[in-house]
Amino acid sequence: MNPPLLQVNRLRVEFATRGGPLLALDDVSLSIDAGEILGVVGESGAGKSLTGAAVIGLIEPPGRIRGGEILLDGRRIDDLPPQEMRRLRGRRIGAIFQDPLTSLNPLYTVGRQLVETIRTHLPLGAAAARQRALDLLAATGIPSPSERYDHYPHQFSGGMRQRIVIALALAAEPSLLIADEPTTALDVSIQAQVIDLLRRLCREHGTAVMLVTHDMGVIAETADRIAVMYAGRIIEIGPAADVIHRPRHPYTVGLMGSIPRFDDGVARLAQIDGAMPRLDAIPTGCAFHPRCTRAVDRCRDERPELDGPGRDGNHAVACWVAS
Amino acid sequence: MNALPNATDAADDAPVVRAIDIARHFDVSPPWIDRVLRRGGRRLVRAVDGVSFEIGRGETFALVGESGCGKSTVARMLVGLERPDRGRVEFLGADLQAGSTAAARARRGRLQVIFQDPYASLDPRWRVGSIIGEPLRAAGLAPGAGATAERVAELLRQVGLSPADATKFPHQFSGGQRQRISIARALAARPQMLVCDEPTSALDVSVQAQVLNLLQDLQRDLRLTLLFISHNLGVVHHIAHRVGVMYLGRVVELAPRRRLFATPRHPYTRMLLDAIPDLEMSGRPRSPVSGEVPSALAPPPGCAFHPRCPHADARCRSEVPREIVEAGADGPAMVACHAVEERRIGVAAAAT
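In this text, all values refer to a predicted model and were calculated from it rather than measured experimentally.

Calculation notes
- Per chain, residues are indexed from 1 in the order of the written sequence.
- Chains carry letters and ligands carry numbers; both start at the beginning, A for chains and 1 for ligands, and go up in the order they are written.
- Residue-level local features of this predicted model are given only where pLDDT is at least 70; pairs of side-chain atoms are given and counted only at 80 or more, and the full residue set underlies all totals for whole chains, interfaces and linings.
- To qualify as a helix, a DSSP run of H or I must reach at least 4 residues; to qualify as a strand, a run of E must reach at least 2; elements of each kind are numbered from the N terminus.
- In this description the radius of gyration comes from C-alpha coordinates, and the expected globular size is given by 2.2 Å times residues to the power 0.38.
- Each residue is classed by its C-beta neighbour count within 10 Å, where at least 20 other C-beta atoms makes it buried, 12 or fewer makes it exposed, and intermediate counts make it partly exposed; the C-beta atoms are placed from backbone geometry.
- A pair of residues counts as a contact when their C-beta atoms, built from backbone coordinates, are within 7 Å of each other.
- Think of it as three bins: nonpolar holds Ala, Val, Leu, Ile, Met, Phe, Trp, Tyr, Cys and Pro, charged holds Asp, Glu, Lys and Arg, and polar takes everything else, Gly as well.
- By this definition, two strands are paired if DSSP reports at least two bridges between them.
- A fitted line through C-alpha atoms serves as each axis, taken over the contacting stretch for helices, and the angle formed by two N-to-C directions is quoted from 0 to 180°.
- Any nonpolar core is a set of buried residues, restricted to Ala, Val, Leu, Ile, Met, Phe, Trp, Tyr and Cys, that join up through C-beta atoms within 7 Å.
- Between 65 and 115 degrees an angle is taken as roughly perpendicular, under 35 as roughly parallel, over 145 as roughly antiparallel, and anywhere else as oblique.
- Note on convention: near helix rotated counterclockwise from far helix by under a right angle means a left-handed crossing. Clockwise means right-handed.

S.K.: Any chance you could explain the overall build of chain A here in plain terms?
M.R.: In terms of regular secondary structure, chain A is built from twelve helices and eleven strands. Taken over C-alpha atoms, the radius of gyration comes to 21 Å for chain A, in line with the 20 Å a tight globule of 323 residues would show. Along the three orthogonal principal directions, the C-alpha set of chain A runs to about 65 × 50 × 45 Å. Out of the 323 residues belonging to chain A, those deemed buried represent 47%.

S.K.: What am I meant to see in the overall build of chain B here?
M.R.: The number of helices and strands found in chain B is twelve helices and twelve strands. The C-alpha radius of gyration computed for chain B amounts to 22 Å, which stays within 12% of the reference 20 Å derived for 352 residues, consistent with globular compactness. Counting only C-alpha atoms and orienting by the principal axes, one finds that chain B spans roughly 70 × 60 × 40 Å. Within chain B, the fraction of its 352 residues that count as buried is 47%.

S.K.: Please explain the interface of chain A and chain B as it appears in this structure.
M.R.: A common way to report how large an interface is uses the accessible area buried once the components associate. On the chain B side, the residues contacting the 33 residues of chain A number 30 residues. Sorting the residues of the side of chain A that touches chain B by element identifies helix H8 (188-205), helix H9 (216-222), helix H10 (240-245) and helix H11 (250-257) of chain A as the ones contributing at least two each. A total of six residues in the side of chain A that touches chain B trace back to one element, the largest contributor, which is H8(A). Partitioning the side of chain A that touches chain B into residue classes produces 17 nonpolar, ten polar and six charged.

S.K.: Honestly, the environment of Val228(A) in this entry has me stumped. Any pointers?
M.R.: Residues and elements named next belong to chain A. Within the fold, Val228 resides in strand S9 (residues 225-230). With 28 C-beta atoms packed within 10 Å, Val228 lands in the buried category. Considered as a pair, Val228 and Glu173 are 55 residues apart in the sequence and their alpha carbons are 28 Å apart. Setting aside residues no more than four positions away along its own chain, Val228 makes contact with Val41, Gly42, Ile234, Ile235, Glu236, Val243, His249 and Thr252.

S.K.: Would you explain the pairing of strand S1 (residues 17-27) of chain B in this entry?
M.R.: Note on strand geometry: in a regular strand, side chains alternate between the two faces of the sheet. Residues and elements named next belong to chain B. Alignment of S1 against strand S2 (residues 44-55), held across nine bridges, turns out to be antiparallel. Its bridge partner lying in S2, Arg18 is registered against Glu54. The sheet contact formed by S1 and strand S4 (residues 86-91) spans five bridges and is antiparallel. Residue Ala19 lies in a different strand from S4, and its bridge partner there is Val89.

S.K.: Help me understand the sheet that holds strand S10 (residues 233-239) of chain A, please; the structure alone is not making it clear to me.
M.R.: Across a sheet, strands are paired by hydrogen bonds formed along the backbone, either parallel or antiparallel in direction. All names here are of chain A. Taken together, seven strands build an open sheet; the order of strands is S6-S7-S8-S3-S9-S10-S11 and the sheet is mixed. Either end of the sheet is taken by a strand with one partner, and the two such strands are strand S6 (93-96) and strand S11 (316-317). Bridge count between strand S3 (residues 37-41) and strand S8 (residues 208-212): four bridges; the pairing is parallel. By the bridge assignment for S8, Gly39 is matched with Leu211. The sheet strands contacting helix H7 (residues 158-169) are S6 and strand S7 (176-180), and the helix crosses S6 at an angle near 170°.

S.K.: Just to check I follow, could you spell out the pairing of strand S8 (residues 225-230) of chain B for this structure?
M.R.: Residues and elements named next belong to chain B. The buried fraction of S8 is high, at six of six residues. Across the two faces of S8 the burial is the same, with Thr225, Leu227 and Ile229 and Leu226, Phe228 and Ser230 all buried. Strand direction decides the pairing type here: strand S3 (residues 60-64) and S8, joined by five bridges, are parallel. When the bridges of S8 are listed, Ala62 appears paired with Phe228. Pairing geometry for strand S7 (residues 193-197) and S8, over five bridges, is parallel. Looking at the pairing, Cys196 lines up with Phe228 of S8.

S.K.: In this structure, what is going on with the sheet that holds strand S1 (residues 6-15) of chain A? I would like to understand it.
M.R.: Residue and element names in this part refer to chain A. Across the sheet, which stays open at both edges, the four strands sit in the order S2-S1-S4-S5 with antiparallel pairing between neighbours. Each edge of the open sheet carries a strand with a single partner, namely strand S2 (22-32) and strand S5 (75-76). The sheet contact formed by S1 and strand S4 (residues 63-72) spans eight bridges and is antiparallel. Opposite Arg12, over in S4, you have Gly67 as the bridge partner.

S.K.: Can you help me understand the nonpolar core in this one?
M.R.: Within soluble globular proteins, side chains that are nonpolar generally end up buried alongside one another. In this structure, Met210(A), Leu211(A) and Leu227(B) are the most contacted members of the largest nonpolar core, which totals 190 residues. Sequence-distant contacts of Met210(A), defined by excluding residues within four places in its chain, comprise Ile32(A), Leu38(A), Val40(A), Gly52(A), Val55(A), Ile178(A) and Ala179(A).

S.K.: Got a minute to help me understand the packing of H7(A) against H8(A) in this structure?
M.R.: The geometry of a pair of packed helices is captured by two quantities: the angle between their axes and the separation between those axes. Residue and element names in this part refer to chain A. Contact pair H7 / H8: the axes reach a minimum separation of 10 Å and the direction vectors enclose 15°. The angle between H7 and H8 falls in the class roughly parallel. Crossing geometry of H7 relative to H8 is assigned as right-handed. Seen from H7, the contacting residues are Gly158, Gly159, Gln162, Arg163 and Ile166; seen from H8, they are Ile190, Gln193, Val194 and Leu197. Classifying every residue of the contact of H7 with H8 by side-chain character gives four nonpolar, four polar and one charged.

S.K.: Explain unusual backbone geometry to me, please; I cannot follow it from the model alone.
M.R.: Comment: phi is negative for the bulk of residues other than glycine, and the bulk of peptide bonds are trans. Residues and elements named next belong to chain A. Cis geometry is found at the peptide bond from Pro61 to Pro62, where omega equals 10°. On the secondary structure map, Pro62 appears in the loop between helix H1 (48-55) and S4. Positive phi values are uncommon outside glycine, yet Asp312 reaches one of about 50°. Secondary-structure assignment places Asp312 in the loop between helix H12 (297-301) and S11.

S.K.: How should I be thinking about helix H4 (residues 128-139) of chain B in this particular structure?
M.R.: Note that an α-helix has 3.6 residues per turn; residues three or four places apart therefore point the same way. Residues and elements named next belong to chain B. Burial in H4 covers these residues: Val128, Ile131, Ile132, Gly133, Pro135 and Leu136. If you follow the buried residues of H4, they end up packed against helix H5 (145-158) and helix H6 (175-188). Just past H4, the residue Gly140 takes up positive phi, approximately 60°.

Right, dumping it as structure tokens:
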């Protein structure tokens, strides 16, 4: 069996503050195979974007990795010097963020930005790079690429800009794509187009995707596996259909119940009282216990670990009551 | 133009609010001197171009649509933040804008609004008690410091916060709690109607559930009338009694909730329902969604949806569709589509 393309082992990320270090990611472990889409969900502050940022080496001070390791194709990448990490980024790992405008330079045409990215990472001549840029624009569904090649980012609509960002991320055919809320800023009809595009590109090129989002509908339609995060930890991970239809952790159960659905008969949404704890006040034991209706004494004192690997069909949960 | 489907049985007798063919156009012309030098004309954005509906007492009416369809401008006209360029809004039987008497002001106070961003709509330098107490003072509803404090405490309890929170500042609260403060402030003036403009769009899904449940409880207890603006069809399906779908400044379909989601008529409604990411993961084939909302600066002639519509023909490209009102067991419904009128497309069950 091949090792997974991406492997994150017991990753810890801290933020240094005047009041002492705050633990933002606490023993996060996950893996993604080639051609697989792993959905990472959770609410604001759960640490899902931070996990993505750690993988691409974009954690900014005062945050820093304090433990664990990140392996790409079995090779450690979290301790690479910045120069080497920069080469890896773009070439092996592509990234898509929520707001396409922050990923595009407003002063350059999209064609120039694409060619620059392509030639940074691939040994192609000017003409070949241009051809590849045009192919990428066509593959991501930009109508009449040769005309649009010379346009500036502001001349595109939001959905088209996100396609260009996807084209940029895929320019060097990376084997891993980190997509952080790629459809959140888009309207629902454009969102559907971008999801279809991501899914198709992943299938065609065998790209592994880490899809970070708070939108369970997007995850349900896209991901093969789902990792649910709460207060800096993965609390449940398993095949997408299992996590959505047979959630095990009380938090995931509540999260699924709080989503308005299209079936009749639900007069009232399930509601998890309270809010996600702040980083400086993470409860002892299971961080969810103060909000959990099923908590027992053990939940207050002892921290539960995931009860399985959460891959190859395994559906793992970190909960004393559920397991 | 003035098709006004009646309220459903969720409401009684006279509607609380009526929007009658309201329109709002924004002038986005270049400066005068540029127009003269470049011989350009004026440019108008028809943000809202003739929208009519009415909402009965205790009813929730939702407007859905994508960015730029004009739904928020409708909300702003309804609460008097924008004046309609055409048409009028009637609230409790009188023109909303008319009158500057104390009675007219008091009437307008019965209509309150909640905005999307609870971070922007609360003054960071005011304590929560003053934020909620201000409308009480302005309307003279609870004269005296003691009475004001008592009413503020009652309002805080009503939205699920503690009376002790009155002494805190907005930054000490999470997003969901801030939205509760906005709701408490809106309730202070004892409104009959709340206009909610994307009230949960900035919130996490579990917090959204808390706020939606709160709004439903308050509606039941206080018989509030709600206009609910949202782009989230799941939320709209959950909370609304009737739904209007907007596209480029017009309502293209308006129907009781169950009917709209079960048997959408307008091709745009069908496309929207089809595009929703599905938790059920049935692997249903999507009808290919194509294109984007065109610019409101240069809306397509005829039916504004025709460039994206699979059923468009020559008539759709030239003639604005009429609003067709049809009766139904659960109340009337409206659709504006040539293809539906000519029976070129029938009633299709929604995919969801």
